[in-house]
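A structural walkthrough
Listed below, chain by chain, are the residues.
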Amino acid sequence: RQMCIRDSGYTNHTLSGQDGTGQTANTVVLTPGSKAVAGIPGYDKLNKYRTIGYIGEADYNFSKGRLRVGGWYETSDSSRHLIDYDVSTMQPNYIEKSVSGLTSQPPANVQYLQDSGWNQYQLFAEFEYRPVKGLSITPGVKYVHFTRSINAPVNQKSRAPLYDKATWTSTLPFVTANYAITSNWTTYFQFAKGMYVPDLSSFYSASPNLADSLSQLKPQTSTNYQFGTVYHGHKFALDADIYKIDVNNKIANPTTAGADSSLLVNIGTVHYKGVEGQVSVFPLSGLTLFANASYNEATNGTTDQHIANTPFTTEALGVFYHHGPVYASYTHKFTGAQYTSEADVNAPFRLYRIAGYSIGDLSLGYDFGHVRLSINVNNLFDNDQVSQVKNSAKGAPTTTGLNGKSVQSGYGPYDQLLFNAPRSVLGTITVKI
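Summary of the structure given here. Predicted, not measured: the structure shown is a model, and the values here were computed from it.

If you tally the helices and strands in the chain, you get 1 helix and 25 strands. Along the first, second and third principal axes, the C-alpha atoms of the chain reach 80 × 60 × 50 Å. A total of 433 residues make up the chain; the buried ones form 33% of that total. Considering only contacts within the chain whose residues lie at least 6 apart along the sequence, 63% involve residues at least 24 apart.

What follows is the structure in structure tokens.
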């Protein structure tokens, strides 16, 4: 029998200017309802949480296998706020708009003031069955019961008060099979059902039908398959696998005409599939060379378009050396081309595709015994390619697309390009006492 209690927390309190894009004018409103005057708009932002959990399990061994049963309970509380200020004087900046339909308006300098949390428990059981030498088959099941709640005098996005909760449950079966073909060559198969619980943003809506929407919102579920093999010899190692993941009840904003776009609903499916492989070679004692690669497809089940922020390929090359007091490594990772925004189904073209890029990292070190020196160089070749785009339709050109719909036809002046971080060097001295 095993028992474990976990306690973790996080606090991030930020005082910052409003933005770095130039979209926000350098003006503030110092009195509710008055005209704007010169100032530096900014905000006080808090993200804080505390999570406590307990997990316990019991094992029972039999001649042909092992039974494991257990449970997990977790509770979490968080506090969040974002309050507008003139950061040059730390006076309130009353720039928020009033909320229609409320008899009592929230303070005009409060974007949101929100407490939230969750309580969840999971029960699980699995039986590792070993019918013959070298073969193990492990079926199992997990039950998840998850309740998320919110207590917000000023809720995010709507700025209306919201006190609500919702509960989602699911039963998730799984099975794993492993077979040792030889002492150093194995093959495996995995099947599992998964669940993604709707996150806190499912409570971010000004809709009067939010409660009804939450009661109908199903967890995002997945069905996962993976088949692979692993070989490990004296001079080299190989592993490869193929996978397929079908996501159901995809959670997103509704796309039907006339729907409340501030709600989150279940809109369809996403299909992931691909192949992965890696080879490692050990030519000398302490020296390892490796290379890996993957090809990935991720398509929307409704539009058949590739999902945003999912590279078509990934690759990596590397070398590791450790002999006596000397250790060194170099890795070079390649990220393939990808789209950085979802496809517009009314557009006969697609924007925001970025080229692939690569990053090389070098690490060197020497251990003198009581003192160890190391140096790490990240992005050795100072690759400054674009790695992400946060697109903004504001000010972007448009044209008439399919079904007579207006679609974005070019890039916007307020798009934000994110580049790879420049080369950086970190030196470390470790003294052993």
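Continuing now.
The next subject is the environment of Lys45. Topologically, Lys45 is positioned in strand S4 (residues 41-62). A residue is classified by how much of its surface remains accessible, and Lys45, at 27% relative accessible area, is partly exposed. Sequence separation between Lys45 and Asp84 is 39 residues; the distance between their C-alpha atoms is 8.9 Å. Ignoring anything within four residues of it in the chain, the contact list for Lys45 reads Asn12, His13, Thr14, His81, Leu82 and Tyr112.

One pass over the full model with this rule turns up 11 aromatic pairs. An angle of 65° between the planes, with centres 6.2 Å apart, marks the rings of Phe62 and Phe127 as edge-to-face. Pair noted here: Phe62 is in strand S4 and Phe127 is in strand S7 (residues 110-129), with a separation of 65 residues, a long-range link. With centroids separated by 5.7 Å and ring planes inclined at 20°, the aromatic side chains of Phe290 and Phe320 adopt a geometry described as stacked. Separated by 30 residues along the polypeptide, Phe290 in strand S14 (residues 287-300) and Phe320 in strand S15 (residues 313-323) bring together distant segments of the chain. Classification of Phe320 as partly exposed rests on a relative accessible area of 38%. Through a chain of ring-to-ring contacts, three or more aromatic side chains come together here, namely Phe62, Phe127 and Tyr129. Its end group placed over the ring of Tyr339, Arg350 keeps NZ or CZ at 3.8 Å from the ring centre. Directly above the aromatic system of Tyr339 lies the positively charged group of Arg353, at a separation of 5.6 Å from the ring centroid.

Take the side chain of Arg350 next. Structurally, Arg350 can be placed in the loop between strand S17 (338-339) and strand S18 (353-354). With no salt bridge to any partner, buried Arg350 finds its closest opposite charge in Glu342, at an N-O distance of 4.4 Å. At 2.8 Å, the side chain of Arg350 and the backbone oxygen of His306 are in polar contact. Separated by 3.0 Å, the side chain of Arg350 and the backbone oxygen of Ser341 make a polar contact. Residue contacts for Arg350: discarding those within four places in its chain leaves Gln305, His306, Ile307, Ala308, Tyr339, Ser341, Glu342 and Ala343.

The next thing to look at is unusual backbone geometry. Most peptide bonds take the trans form, and the phi angle of most residues other than glycine is negative. Although it is not a glycine, Tyr352 adopts a positive phi angle of roughly 65°. The topology assignment puts Tyr352 in the loop between S17 and S18. On the basis of relative accessible area, Tyr352 is assigned to the buried category, the value being 5%.

As a general feature of sheets, a regular strand has side chains that alternate between the two faces. Summarising the sheet, strand S9 (residues 162-182) and strand S10 (residues 185-196) pair through 8 bridges and their orientation is antiparallel. Bridging across to S10, Thr176 finds its partner in Gln190. The sheet contact formed by S10 and strand S11 (residues 220-232) spans 12 bridges and is antiparallel. By the bridge assignment, Tyr188 is partnered in S11 with Gly228.

Rules of the game
- Residues numbered from 1 in each chain as written.
- Predicted model: local features only at pLDDT ≥ 70, side-chain atom pairs only at ≥ 80, totals over all residues.
- Heavy atoms only, no water.
- Helix = DSSP H or I, 4+ residues; strand = E, 2+ residues; numbered from the N terminus.
- Buried < 20%, exposed > 50% of the residue type's maximum accessible area, 1.4 Å probe, protein only.
- Contact = heavy atoms within 4.5 Å.
- Phe/Tyr/Trp six-rings, centres within 6.5 Å; stacked < 30°, edge-to-face > 60°.
- Lys NZ or Arg CZ within 6 Å of the ring centre and 35° of its normal.
- Lys, Arg positive; Asp, Glu negative; His and termini not counted.
- Salt bridge = Lys/Arg side-chain N within 4 Å of Asp/Glu carboxyl O.
- Polar contact = N/O pair within 3.5 Å; in protein donor to acceptor, adjacent residues only side chain to side chain.
- Pairing = 2+ DSSP bridges.

None of this, on its own, says anything about what the molecule does.
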